[in-house]
Amino acid sequence: MSKQVVQVNRVVIRFAGDSGDGMQLTGDRFTSETGGLGNDLSTLPDFPAEIRAPAGTVPGVSAFQLAFADHDITTPGDAPNVLVAMNPAALKANIRDLPRGADLIVNTDEFTKRALEKVGFTANPLEDGTLDPYNVHAVALTSQTVAALKSFDITKKEAERAKNMYALGLLSWLYSRGAEGTRRFLEKKFASKPEILAANLAAFEAGWSFGETTESFSVQYEIAPAHLPEGTYRNISGNPALAAGLIAASRVSGLPLFLGSYPITPASDILHELSKHKEFGVVTFQAEDEIAGVGAALGASYGGALGVTTTSGPGVALKSEAIGLAVSLELPLVIVDVQRGGPSTGLPTKTEQSDLLQAMFGRNGESPVPIIAPQSPSDCFFAAIEASRIAIEYRTPVILLSDGYLANGSEPWLIPDVSTLPTIDPDFATTTNHEAADGTKEFWPYLRDPETLARPWAVPGTPGLEHRIGGLEKADGIGSISYDADNHDRMVRLRQAKVEAIARSFGPLEVDDPSGEARVLVLGWGSTYGPIGAACEITRRTGALVAQAHLRHLNPFPSNLGEVLRAYDKVLVPEMNLGQLSLLLRAKYLVDVVGVNQVRGMPFKSTELVDAIIATIESL
Amino acid sequence: MTETLPMPSLRLVPKSDDLLSAKDFKSDQEVRWCPGCGDYAILSAVQGFLPELGLKRENIVFVSGIGCSSRFPYYMNTYGMHSIHGRAPAIATGLAVSRPDLSVWVVTGDGDSLSIGGNHLIHALRRNVNLKILLFNNRIYGLTKGQYSPTSEQGKITKSTPQGSLDYAFNPVSLALGAEATFVARTIDSDRKHLTEVLRAAAAHEGTALVEIYQNCNIFNDGAWEPLKDSDVRDDNLIRLSHGEPIRFGKDNEKGVIRTSDGHIKIVHVDEVGEESIIRHDAHAKDPGLAFALSRLANPRTLTNSPIGIFRDIERPSYDRLVREQVEAVVASQGSGDLQALLTGGDTWTVS
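Residues numbered from 1 in each chain as written. Chains lettered and ligands numbered in written order. Predicted model: local features only at pLDDT ≥ 70, side-chain atom pairs only at ≥ 80, totals over all residues. Heavy atoms only, no water.

Caption draft 1: Focus on the sheet that holds strand S2 (residues 10-18) of chain A. Residues and elements named next belong to chain A. Taken together, the 6 strands give an open sheet; going across it, the order is S3-S4-S2-S5-S6-S7, and neighbouring strands pair in mixed fashion. Every other strand in the sheet has two partners, leaving strand S3 (40-46) and strand S7 (135-139) as the edge strands with one partner each. Geometrically, the sheet is characterised by an average inter-axis angle of 15° between neighbouring strands, direction not taken into account. In this fold helix H1 (residues 23-36) packs onto S2, S3 and strand S4 (61-69), with an angle of close to 10° to the strand it touches most, S4. (Pairing = 2+ DSSP bridges. Helix = DSSP H or I, 4+ residues; strand = E, 2+ residues; numbered from the N terminus. Axes fitted to C-alpha atoms, helices over the stretch in contact; angles between N-to-C directions. Contact = heavy atoms within 4.5 Å.)

Structure (structure tokens):
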């Protein structure tokens, strides 16, 4: 039976099921096939903090959303076109996001009286008309999977577990995705369990065939490849991209990479990833606590390594004193904060941008620390190199602010040619740098480079440069302990000036304003880049004019930022916090920026930003 | 200057071509401890002892935390870091793991290492990182001007405990043994010969060596260790542990330590039990049982029956060595990493 094939240019799918249903894996596989077909894509995993919350409950629902298109896209989509709900809890948790008329694929096997009651359905929504606004495909996913696998020598439970592959097969048929990559993936995953492998492949095939033959689906969709720049692509999420960036920074600087870290969601995957790459000489140290993680990294930096610590907001709070020590010692150190919902333990698996002020000010004393933020999952790679560059060249701790959405979300990445990466020169001190009145050659550890204000970095083992450093205030230049009031005033200002001087090492903020006549600027930082970009594009399609700019460097700001802000009648600043960048901009530039703020644990929807932009334009 | 000792812990540290002296290890900084502080004697002993290691001075690093003792690195003409309160073992761990060519020493006090930094101390000990930790124990907080510490005896009257402290004290040697330490020793600031012997053994040990040094704070806790220093009584109180020797002490060496039938140890008069019943000290015993029992012998209040010397000194590969071996094994089997291959990964597609 041949079916009608419809060309569409953009699709958003959400897979939702129980934590144990394998929804993340299903999403990952679909993503991988989709990337291979040349579509642009963006993904958003959303999973609970519990490893296995009670089965069949709303808190236990794990979801994976992906958008893919025949054109350049920057967000995983506001609302799904298709929702796959593996049980009543998944339906309950996700149905409010589904627009009327959208496709809803429901696993009817799980809609038992008990399962419905567990999540508070008094009637079966499949029967009481509540799902009438949607295009419902009621599929007995579990029993059809079990039936398809009855010839295999596996338990019923094992057969049931393959239902996610059945669903993947069905969706793959629906959107004309191939099976090759999934086959290769399963062959690797179940290499030692041939029967399970065969069963999973059969489940996938069965799901595919079901789509082809059932009357429940009357059309099949095709999405043409996007017109992406030429080159070789892979799909990548933020944490592995960040880990690769750190390895690359180690290579281009010639410094061995030392990671001191304590496991914390959503940053642990960076530790996992780096621990797999000892072939690059990477040392990963799982410390006894957050403080030891940063302490060991700082100790390694003191010895001439690229010292890095990875954590999330609560960990940064614990590391604050050691970061302050690094400010005082003026040694390179990269602190990666994969932000999550706060305060305190907050929402460990949900995204937020609420650590900006902690990164900026969360230490005692005048303690300036440069701050870098990546804007997309693949950009975590380049942001890690940039953070390392600043840390090494300016002898300073640098905070890299990623977030949960960047960490786990993914996008296609045009794989860079490593020969194009910048080099980083650690410029170790090897000789004395000062001559005393009596002609003695001396090493002054705080005699600064006049251009960068960076101090010389002499590592232990360098003969003749033995010196002592510490957290006590140091005399300008010679570096010995000094309690002199004027010296302290000078040193505080020098440390601040050094951080400000970093702005000379990167370019000005670029503004995307195609008409050059926009009166409203949308300024963001970090992971809001995608939704802001999409919102600006939609706004422009309505004929309205809007400019967009995005900050990578949050401390110091680009040197032209004040000028950019003052060039517009209104500046909108969307942030997943209550206005932290807004506060900094208002304080520094006396510009009355307007915050657009939410802390729902999920990225902005582009439509809500469009509404804010249009309202602002109309208010002028 | 003696010959360089064969020391497994220092085999990767470059040796000095020149003969160094204690003077070479004195920095140009004015020492600012209170006159009469026990720290002076320890500093002098360390400066006097280091030349015999025969190491290049630039390959020696002292890392400290916060407190009076932690000013130590400023006075050593080596590389040094005065860090933050309690964290020196963590910082030194990162340094030692990434730099096998360094001899890394941690200087800390009873507050720094047992209060705020207790966690880092026990984890450094269990990992067996190649660090030498000198714990100056004066049973008081000096730099904050006289509050009780985690080694102060219960009931201590201090500024923060006018009615007497209520906490039970830590026994640093017992704690270290419980934390799987491979080298644990105790010595006294004023006994330069003993202090030097212990330092020498600690330096030779591969892995974490914890040396508790009974140190006198003459301002806030003067005389805390007097029963072990006063020449009239010290021989009655001090038990000098020496590997392979019977554990005997007393003015006339008349006392000894035996095992009781219920498995404990106790002090006896040697004449009453006979020399053959006296336990021979075995610092190399795999089982830390005897060392632990010895660590519990002293009366923490009167200091009678206080063992000093090396309680435990066993061989176990150091953490930093294992880390290096793991990296080397991966490089040997896979070759050095190919960055382009890493970035490319396994699952790619081409747009042309």
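Still more to cover.
Caption draft 2: Region of interest: empty space enclosed by the protein. Residues and elements named next belong to chain A. Inspection of the entire model under this criterion finds 7 cavities of 30 Å³ or more. A volume near 90 Å³ is recorded for the largest cavity. Broken down by class, the residue content of the lining of the largest cavity amounts to 5 nonpolar, 3 polar and 5 charged. Space inside the second largest cavity adds up to approximately 70 Å³. Forming the walls of the second largest cavity are Leu44, Pro45, Asp46, Phe47, Thr349, Lys350, Thr351, Gly404, Tyr405, Asn408, Gly601 and Met602. Every element with two or more residues in the lining of the second largest cavity is listed here: S3 and helix H15 (404-408). Looking at the lining of the second largest cavity residue by residue, the class counts come to 5 nonpolar, 5 polar and 2 charged. Residue contributions to the lining of the second largest cavity reach at least three from each of two domains, namely domain 1 (4-222) and domain 2 (234-420). (1 Å grid on protein atoms, 1.4 Å probe; cavity = no way out; pocket = protein on both sides within 12 Å on 5 of 7 lines; lining within 4 Å. Points joined across faces, edges and corners; volume = space filled by probe spheres on them. Nonpolar A, V, L, I, M, F, W, Y, C, P; charged D, E, K, R; others polar. Domains from an automatic or database assignment.)

Caption draft 3: The packing of H1 of chain A against helix H7 (residues 180-189) of chain A, seen in detail. All names here are of chain A. At a minimum axis separation of 8 Å, H1 and H7 run at an interaxial angle of 135°. Overall, the two elements H1 and H7 adopt an arrangement that is oblique. The handedness of the crossing between H1 and H7 comes out as right-handed. Seen from H1, the contacting residues are Leu25, Arg29 and Glu33; seen from H7, they are Glu180, Gly181, Thr182, Phe185 and Lys189. When grouped by side-chain class, the residues that make up the contact of H1 with H7 number 2 nonpolar, 2 polar and 4 charged. (Parallel < 35°, antiparallel > 145°, perpendicular 65-115°, else oblique. Left-handed = near helix turned anticlockwise from the far one by under 90°.)

Caption draft 4: Region of the structure containing the packing of aromatic side chains. Using the criterion set out here, one finds 23 aromatic pairs over all chains in the structure. Both rings, one in Phe258 of chain A and one in Phe285 of chain A, keep their centres 6.3 Å apart while their planes meet at 35°; by these two values the pair is tilted. Here Phe258 of chain A is found in strand S10 (residues 257-261), whereas its partner Phe285 of chain A is found in strand S11 (residues 283-286), with 27 residues between them in sequence. Exposure class is identical for Phe258 of chain A and Phe285 of chain A. Each is buried. With a centroid separation of 5.7 Å and an interplanar angle of 85°, the aromatic rings of Trp33 of chain B and Tyr40 of chain B are classed as edge-to-face. Accessibility expressed as a relative area gives 6% for Trp33 of chain B, which makes it buried. (Phe/Tyr/Trp six-rings, centres within 6.5 Å; stacked < 30°, edge-to-face > 60°. Buried < 20%, exposed > 50% of the residue type's maximum accessible area, 1.4 Å probe, protein only.)

Caption draft 5: The arrangement of the interface of chain B and chain A in detail. Of the residues lining the interface, 58 residues belong to chain B; the matching set on chain A comes to 70 residues. Buried surface at the junction of chain B and chain A, summed over both partners, amounts to about 5200 Å²; 62% is from carbon and sulfur atoms. Area buried by chain B at its contact with chain A is led by Tyr79, Leu343 and Trp349 of chain B, which between them contribute 17% of it. Put simply, chain B and chain A have 3 salt bridges between them. In this structure, Arg57 of chain B engages Glu466 of chain A in a salt bridge whose closest nitrogen and oxygen atoms are separated by 3.6 Å. Taken together, chain B and chain A are joined by 30 residue pairs in polar contact (both at pLDDT 80 or more). Those elements that place two or more of their residues in the side of chain B that touches chain A are strand S2 (79-82), helix H2 (88-98), helix H4 (118-127), helix H10 (319-334), helix H11 (339-344) and strand S12 (348-351) of chain B. Residue classes in the side of chain B that touches chain A are distributed as 22 nonpolar, 26 polar and 10 charged. (Buried area = accessible area lost by both parts, 1.4 Å probe. Salt bridge = Lys/Arg side-chain N within 4 Å of Asp/Glu carboxyl O. Polar contact = N/O pair within 3.5 Å; in protein donor to acceptor, adjacent residues only side chain to side chain.)

Caption draft 6: Focus on the nonpolar core. Residue and element names in this part refer to chain A. Formed by 159 residues in total, the largest nonpolar core has its most connected members in Leu523, Leu581 and Leu585. Residues in contact with Leu523, not counting those within four places in the same chain, are Leu509, Ala549, His550, Leu551, Leu561, Leu565, Val571, Leu572, Val573, Pro574, Leu581 and Leu585. Residues Leu141, Ile154, Leu168 and Ala203 belong to the second largest nonpolar core, which totals 43 residues. (Core = buried A, V, L, I, M, F, W, Y, C linked by side-chain atoms within 4.5 Å.)

Caption draft 7: Geometry of the sheet that holds strand S21 (residues 520-525) of chain A. Residue and element names in this part refer to chain A. Here we have 5 strands laid out as an open sheet, ordered S20-S22-S21-S24-S25, and mixed in their pairing. For this open sheet the edge positions go to strand S20 (511-512) and strand S25 (594-597), each flanked by a neighbour on one side alone. Strands S20, S21, strand S22 (547-551) and strand S24 (570-575) of the sheet are contacted by helix H17 (residues 529-541), whose axis makes an angle of about 170° with S22.

Caption draft 8: Region of the structure containing helix H11 (residues 290-302) of chain A. All names here are of chain A. When the terminal C-alpha atoms of H11 are compared, their 18 Å separation across 13 residues agrees well with the 18 Å that a helix rising 1.5 Å per residue should span. Of all 13 residues that make up H11, 13 are buried, and the element is covered over most of its length. Two to three positions downstream of the cap, the backbone nitrogen of Ile291 sits 3.1 Å from a side-chain oxygen, assigning the N-cap of H11 to Asp289. (Expected span 1.5 Å × (residues − 1).)

Caption draft 9: Region of the structure containing the pattern of salt bridges. Applying the stated criterion across every chain yields a total of 43 salt bridges over all chains. Between Glu52 of chain B and Arg200 of chain B there is a salt bridge whose closest N-O contact spans 2.4 Å. With a gap of 148 residues between them, Glu52 of chain B in the loop between helix H1 (38-49) and strand S1 (60-64) and Arg200 of chain B in helix H6 (residues 192-204) connect regions that are remote in the sequence. For Glu52 of chain B, a relative accessible area of 9% translates into the label buried. Measuring nitrogen to oxygen at the nearest pair gives 3.0 Å for the salt bridge that ties Glu153 of chain B to Lys156 of chain B. Take Lys156 of chain B: its relative accessible area is 11%, and that puts it in the buried class. A network of salt bridges, in which partner residues are shared, links Glu180, Arg183 and Glu205 of chain A.

Caption draft 10: Inspection of the domain arrangement of chain A at higher detail. Considered domain by domain, chain A is made up of domain 1 (4-222), domain 2 (234-420), domain 3 (427-488) and domain 4 (511-619). Centre-to-centre, using C-alpha coordinates, domain 3 of chain A lies 44 Å away from domain 4 of chain A.

Caption draft 11: Spatial organisation of a positive patch on the surface. On the surface, Arg52, Lys157, Arg161, Lys189 and Lys193 of chain A cluster together into a positively charged patch. The class of Arg161 of chain A is exposed, set by a relative accessible area of 54%. (Patch = residues over 30% accessible without salt bridge, like charges linked within 9 Å, V, L, I, M, F, W, Y side chains within 5 Å. Areas by Shrake-Rupley, 256 points an atom, 1.4 Å probe, with all protein chains shown as cover. Lys, Arg positive; Asp, Glu negative; His and termini not counted. Charge placed at Lys NZ, Arg CZ, Asp CG, Glu CD.)

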